[in-house]
Amino acid sequence: MTAPSLRAYLKQYAAGSVSRDDMLAAVAAWPLEERELDLAHTLPDHQDNTADVISVALLNDQITEEDYREIWRRRGQIV
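These remarks concern the structure in this document. On a predicted model such as this, the values are computed, not experimentally measured, just so you know.

## Some details on the overall build of the chain
Scanning the chain from terminus to terminus reveals four helices and zero strands. Put simply, the chain runs from its N terminus to its C terminus through helices and strands in the order α-α-α-α. Looking at the 79 residues of the chain, the share that counts as buried comes to 32%. Contacts in the chain between residues at least 24 apart in sequence constitute 49% of all its contacts with a sequence separation of at least 6. Looking at the chain as shown, the accessible area adds up to about 5,200 Å², and 52% of this sits on carbon and sulfur atoms.

Here you go:
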């Protein structure tokens, strides 16, 4: 079974389909996978449920800096 797509979920949030409160709760509880080291993929486009996906969402203006910090605060990993 394939894990749900964190990248797709964050795109839905950026498009306004998901409320901020729902996004924060969902992403803070999302089961993140360790990123596989694959030198053929320098960007995290091949593995969907990693901390890199959250970072890229920030860089692509899909989430705000405040969203980013709140996600990690809720995960217990204050940035």
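## Some details on the side chain of glutamate 70
Turning to its location among the elements, glutamate 70 is positioned in helix H4 (residues 65-74). Exposure remark for glutamate 70: the relative accessible area of 17% places this residue in the buried category.

## Looking at the environment of glutamate 33
Mapped onto the elements, glutamate 33 comes out in the loop between helix H2 (20-29) and helix H3 (51-59). With residues up to four places along the chain from it excluded, the contact list for glutamate 33 reads Ala3, Gln47, Asn49 and Thr50.

## Some thoughts on the nonpolar core
When a protein is soluble and globular, its nonpolar side chains tend to lie buried together. Ranked by size, the top nonpolar core spans 17 residues in total, and within it Leu6, Leu10, Met23, Val27, Ile54, Ile63 and Ile71 carry the most contacts. Elements that contribute at least two residues to this core include exactly helix H1 (6-14), H2, H3 and H4. Residues within four places of isoleucine 54 in sequence aside, it is in contact with Leu6, Leu10, Val27, Leu32, Ile63, Tyr68, Ile71 and Trp72.

## A word on unusual backbone geometry
Here the phi dihedral of aspartate 61 falls at roughly 60°; this positive angle occurs in a residue that is not glycine. Locating aspartate 61 in the fold gives a position in the loop between H3 and H4.

## With respect to the pattern of salt bridges
Applying the stated criterion across every chain yields a total of six salt bridges. With a closest N to O distance of 3.2 Å, arginine 69 and glutamate 65 form a salt bridge. One end of the pair, arginine 69, and the other, glutamate 65, are both in helix H4, four residues apart, so they sit about a helical turn from each other. By relative accessible area, which is 40% here, arginine 69 ends up partly exposed. One salt bridge connects glutamate 70 with arginine 73, and the closest N-O pair in it is separated by 2.7 Å. You can see glutamate 70 and its partner arginine 73 sitting in helix H4, three residues apart, about one turn around the helix. Ionic contacts of the salt-bridge type, sharing partners, join the residues Arg20, Glu66 and Asp67 into one network.

Conventions adopted
- Counting of residues starts from 1 at the beginning of each chain's written sequence and follows it residue by residue.
- In keeping with the model being predicted, local features are shown solely for residues with a pLDDT of at least 70 and side-chain atom pairs are shown and tallied solely at 80 or more, while totals for entire chains, interfaces and linings include all residues.
- Water and hydrogen atoms play no part in the side-chain values, which are based on all heavy atoms of the structure.
- In this text, helices come from DSSP runs of H or I with a minimum length of four residues, and strands from runs of E with a minimum of two, each type numbered from the N-terminal end.
- Buried residues are those whose accessible area, probed at 1.4 Å on protein chains only, stays under 20% of the maximum for their type, while exposed residues exceed 50% and partly exposed ones sit between those limits.
- Residue contacts are counted whenever heavy atoms from the two residues lie within 4.5 Å of one another.
- Areas reported as accessible are Shrake-Rupley estimates using a 1.4 Å probe. Residue values count occlusion only from the protein chains shown.
- Residues belong to one nonpolar core when they are buried, are Ala, Val, Leu, Ile, Met, Phe, Trp, Tyr or Cys, and are joined through side-chain atoms within 4.5 Å.
- The salt bridge definition used is simple: a Lys or Arg side-chain nitrogen within 4 Å of an Asp or Glu carboxyl oxygen.

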